[in-house]
Amino acid sequence: MQNNSSFNLNTQSIILVDDETVILDLMKMTLQAAGHVYVQTFQNCREALDCISSSYCDVVILDIMMKEMSGVDVLKQIKEKAPDVCVIMATGVNEVNTAVECMKAGAFDYIVKPLEPERLLTSVANAIKMRTMGREYEALTERMLSDTLKKPDVFKPILSCNEKMFTIFKYIEAVAPTPHPVLVTGETGTGKELIATAIHNCSGLGGKFVAVNVAGLDDAMFSDTLFGHCKGAFTGADSSRQGLIESAAGGTLFLDEIGDLNAQSQVKLLRLIQQSEFYPVGCDTPKKCTARIITATCRDIEQLLSTDKMRKDLFYRLRTHTIHLPPLRERKDDLALLVSTFIDAASLEQNKIRPTIPQELITLLSTWHFPGNVRELEGMIRDAITQHDDHILSLTSFKDHIGFGNNKSSAMPQETQEQFRVVFPEKLPTLDQIDDLLVIEAMQRSNGNQSIACRLLGITRQSLGYRLKKLSL
């Protein structure tokens, strides 16, 4: 029996039950010609029920009018033994009452003999999609309610102890085995490619993880890069070349910066996802795409849609599963772990003795909004290690970076500025009261470090000292 996490909807298990050999053979040939490999046939209802009870099954096509046992009775027993199996009833009698009875008993669909191949295949495809969605929902529910990860090693490269990130890890474990596209959003430097890699490693796919940044690719370059080309397709095409889709066969194709893809290329990508096939440049014969598609962007999706820079139909295809990565300013509990790890790596890289981390470093960094996120922090650490020449890591380069002592900290991103709004009570506090509250808040955020508190408030040490004395702090 096939693996439940198979990515091909045409490899799910189908059982046919009918007391007419000709009908069974015809249905099996039709299904296998359409790519359904795992098809079993039974003329004996008892044997079919035993098989359904003892092994995994997705869809059952069941004849209603059988000599041994009524198809309706068999349906009821199937729903008792395997309630999640989709049962399609087949009969030569087109009676509304019979159809209603079957649907009430739990049948998924009802088809009339003589069976039309297109109607049969459509019903089976819909049943398989229903089964797949049910399993995905069960897996998602199970993982989201769990307080542990099944594959913690997969997420080791993503340094975090943050609750939001842990929830994302659980979501990845739930959606990774599915064949559907995943859209990863988040600001620059948040680790979108690391997330895409984790999805691939969680999926169990045997193929490679292939990544490409599509920003700046014109339509011709996009087509050649992804689809490849045939010999003689254009001037200079002296031989055929395999595209990245074929390189990622049976694996994952990661398209970064999808928000910058031009309109013509968006149409081609939409067809690729809808049809699971593509045409190499200069070829008339389509090839099948067996790679799972993951895309990512740091752009504002809503703005792209509202300005028609991204096709809505493509967006809805890409976002079957969506992961939004929080910026570093929303996961500052990760700062200590990230700083320690980056210092270790930078010291080893530059062949230097690992310096001691000053206590106030994390407090200082926690006051910065990190527009470049984790990538910016890693760069700050590398720069500090490069300048390091003592046993304790100097804070100078960090202070220079975040504009310690000047107004650089006011250059916050738009969403942070909106969060900066203060809601006042009906009775306005006095200026002295506001002054006192700001000082108290700054001292709390700086863990009592007056230099950092001064920077947060934009005042001198003497001014802060005066206010602290007035507050008896």
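The rules behind the values
Residues numbered from 1 in each chain as written. Predicted model: local features only at pLDDT ≥ 70, side-chain atom pairs only at ≥ 80, totals over all residues. Heavy atoms only, no water. Helix = DSSP H or I, 4+ residues; strand = E, 2+ residues; numbered from the N terminus. Rg over C-alpha atoms; globule rule 2.2 N^0.38 Å. Areas by Shrake-Rupley, 256 points an atom, 1.4 Å probe, with all protein chains shown as cover. Patch = residues over 30% accessible without salt bridge, like charges linked within 9 Å, V, L, I, M, F, W, Y side chains within 5 Å. Salt bridge = Lys/Arg side-chain N within 4 Å of Asp/Glu carboxyl O. Buried < 20%, exposed > 50% of the residue type's maximum accessible area, 1.4 Å probe, protein only. Pairing = 2+ DSSP bridges. Disulfide = S-S within 2.5 Å. Axes fitted to C-alpha atoms, helices over the stretch in contact; angles between N-to-C directions. Parallel < 35°, antiparallel > 145°, perpendicular 65-115°, else oblique. Contact = heavy atoms within 4.5 Å. Nonpolar A, V, L, I, M, F, W, Y, C, P; charged D, E, K, R; others polar. Core = buried A, V, L, I, M, F, W, Y, C linked by side-chain atoms within 4.5 Å. pLDDT = per-residue confidence, 0-100. Expected span 1.5 Å × (residues − 1). Phe/Tyr/Trp six-rings, centres within 6.5 Å; stacked < 30°, edge-to-face > 60°.

The next point concerns the overall build of the protein chain. In terms of helices and strands, the protein chain carries 20 helices and 14 strands. The globule rule puts the C-alpha radius of gyration for 473 residues at 23 Å, and the 30 Å found for the protein chain is more than 25% above it. Taking the principal axes of its C-alpha atoms as reference, the protein chain extends roughly 100 × 65 × 45 Å. Put simply, the protein chain shows about 24700 Å² of open surface, and 53% of that area lies on carbon and sulfur atoms.

For the rest of this paragraph, the subject is a nonpolar patch on the surface. Together, Val 422, Phe 424 and Leu 428 line one region of the surface with nonpolar side chains, adding up to about 330 Å² of accessible area. Note on Phe 424: relative accessible area 47%, which makes it partly exposed.

Now for the pairing of strand 14 (residues 321-324). Residue alternation in strand 14 divides its side chains into a buried set, His 321 and Ile 323, and an unburied set, Thr 322 and His 324. Here strand 6 (residues 182-185) pairs with strand 14 via 4 bridges, running parallel. Of the residues in strand 14, the one forming a bridge with Val 182 is His 321.

Another point: the state of the cysteines. The tally for this structure, following the rule as stated, stands at 1 disulfide. What pairs with Cys 230 in a disulfide is Cys 283, and their sulfur atoms sit 1.4 Å apart. Where Cys 230 bonds to Cys 283 through sulfur, the torsion about that S-S bond is close to 50°, and the disulfide is right-handed. Residue Cys 230 is found in the loop between strand 8 (228-229) and strand 9 (241-242), and its partner Cys 283 is found in the loop between strand 11 (277-278) and strand 12 (287-288); the two are separated by 53 residues along the sequence. No disulfide involves Cys 57; its nearest neighbouring cysteine sulfur is the one of Cys 51, lying 7.1 Å away. With a relative accessible area of 4%, Cys 57 lands in the buried category. Left without a disulfide partner, Cys 202 is nearest to the cysteine sulfur of Cys 161, which lies 19 Å away. Classification of Cys 202 by relative accessible area gives buried; the value is 5%.

All right, on to the packing of helix 19 (residues 450-457) against helix 20 (residues 461-471) then. For the pair helix 19 and helix 20, interaxial distance at closest approach is 9 Å and the crossing angle is 100°. Between helix 19 and helix 20, the crossing angle belongs to the class labelled roughly perpendicular. Only Arg 461, Leu 464 and Leu 468 of helix 20 make contact with helix 19, whose side of the interface consists of Gln 450, Ser 451, Ala 453, Cys 454 and Leu 457. For the contact of helix 19 with helix 20, a count of residues per class yields 5 nonpolar, 2 polar and 1 charged.

Right, let's talk about the nonpolar core for a bit. Leu 253, Ile 258 and Leu 269 are the most contacted members of the largest nonpolar core, which has 29 residues in total. Those elements that place two or more of their residues in this core are strand 7 (209-213), helix 8 (219-227), strand 10 (252-256), helix 10 (263-275), helix 11 (301-306) and helix 12 (312-318). Considering every element that reaches this core, the biggest residue donor is helix 10, with 4 residues.

A few words now on the pattern of salt bridges. Counting across every chain of the model gives 20 salt bridges. For Lys 287, the salt bridge identified is with Glu 246, shortest N-O distance 3.3 Å. Here Glu 246 lies in helix 9 (residues 244-247) and Lys 287 lies in strand 12, a separation of 41 residues in the sequence. Of the charged contacts, one joins Asp 435 and Arg 467 as a salt bridge, the two residues approaching to 3.1 Å between their closest N and O atoms.

Reading across from one edge, 2-1-3-4-5 is the order of the 5 strands in this open sheet, with parallel pairing throughout. Sheet topology places strand 2 (39-42) and strand 5 (109-112) at the edges, where each strand pairs with a single neighbour. Averaged over all pairs of adjacent strands, the angle between their axes in this sheet comes to 20°, without regard to strand direction. Here strand 3 (residues 59-63) pairs with strand 4 (residues 86-91) via 5 bridges, running parallel. Looking at the pairing, Val 59 lines up with Cys 86 of strand 4.

Moving on to the confidence of the model for the protein chain. Scored by pLDDT, the protein chain has a mean of 86; 92% of the residues are at 70 or more. Per-residue pLDDT, averaged within each element of the protein chain, yields its smallest value for helix 17 (residues 414-419) (51) and its largest for strand 10 (97). Counting contacts from residues 1-10, a segment whose pLDDT is below 50, to residues more than four positions away or on other chains yields 30 contacts. Taken together, the stretch residues 407-411 has pLDDT below 50 and engages in 10 contacts with residues farther than four places along the chain or on a different chain.

Attention now moves to helix 15 (residues 373-387). Taking 1.5 Å per residue as the helical rise, helix 15 with its 15 residues ought to reach 21 Å, and the 22 Å between its terminal C-alpha atoms agrees with that figure. Along helix 15, the residues classified as buried are Asn 373, Val 374, Glu 376, Leu 377, Met 380, Ile 381, Ala 384 and Ile 385. In this fold, the buried residues of helix 15 make contact with helix 13 (335-349), helix 14 (360-365) and helix 16 (396-402).

On to the packing of aromatic side chains. Scanning all chains against the criterion turns up 5 aromatic pairs. Their ring planes at 25° and their centres at 4.5 Å tell us that Phe 155 and Phe 169 sit as a pair that is stacked. Separated by 14 residues along the polypeptide, Phe 155 in the loop between helix 5 (117-145) and helix 6 (163-175) and Phe 169 in helix 6 bring together distant segments of the chain. In textbook terms, an aromatic cluster arises when at least three aromatic residues are bridged by ring pairs, as seen for Phe 222, Phe 227 and Phe 278.

What follows concerns the environment of Ala 107. Within the secondary structure, Ala 107 sits in the loop between helix 4 (96-104) and strand 5. In this structure Ala 107 comes out as buried when scored by relative accessible area, which is 8%. Spatially, the C-alpha atoms of Ala 107 and Ile 195 are 40 Å apart, while their sequence positions differ by 88 residues. Every residue in contact with Ala 107, bar those within four places of it in the chain, is listed here: Leu 75, Val 87, Met 89 and Cys 102.

Attention now moves to unusual backbone geometry. That bond from Lys 113 to Pro 114 is cis: its omega, 0°, falls within 30 degrees of zero. Inspection of the secondary structure puts Pro 114 in the loop between strand 5 and helix 5. Even without being a glycine, Glu 257 presents a positive backbone phi close to 55°. Here Glu 257 shows up in the loop between strand 10 and helix 10.

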